[in-house]
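Observations on the three-dimensional arrangement
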Amino acid sequence: MFLRNKIAFLLIVLCACLLFFAGPILSENKVDKSVKDEMYQELGLFADGISIVQSQYVDETKPKDLVYGALKGMLSALDPYSEFLT
């Protein structure tokens, strides 16, 4: 009987610990999902821009050059100390 109570107590403590640590993680994922959805929409716009440049620009462009240029521009807009390093 004592062993059965001890096992039940350990299971309850284990479940409580899991809920304590999993709760914030699960609720954080809900917030991150909306942020990720917004980011994916903006990345779609970025991909459309690259596609238009590749099809309409006078000279042939490489996707890598366009992406690296975009990253350099993005980081240069933050502050004078942020820089994209290849």
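Attention in this report is confined to the structure presented alongside it. (Residues numbered from 1 in each chain as written. Predicted model: local features only at pLDDT ≥ 70, side-chain atom pairs only at ≥ 80, totals over all residues. Heavy atoms only, no water.)

Describing the overall build of the chain
On a plain count of helices and strands, the chain comes out with 2 helices and 0 strands. Here the chain, with 86 residues, has 3% of them falling under the buried criterion. Per element, the accessible surface of the chain, about 8,000 Å² overall, is 67% carbon and sulfur. (Helix = DSSP H or I, 4+ residues; strand = E, 2+ residues; numbered from the N terminus. Buried < 20%, exposed > 50% of the residue type's maximum accessible area, 1.4 Å probe, protein only. Areas by Shrake-Rupley, 256 points an atom, 1.4 Å probe, with all protein chains shown as cover.)

A short note on the packing of aromatic side chains
Counted by the stated rule, this structure contains 1 aromatic pair. Arranged with centres 5.2 Å apart and planes meeting at 80°, the rings of Y68 and F84 form a pair that is edge-to-face. In this pair, Y68 sits in helix α2 (residues 63–76) while F84 sits in the segment after α2, placing the two residues 16 residues apart along the sequence. (Phe/Tyr/Trp six-rings, centres within 6.5 Å; stacked < 30°, edge-to-face > 60°.)

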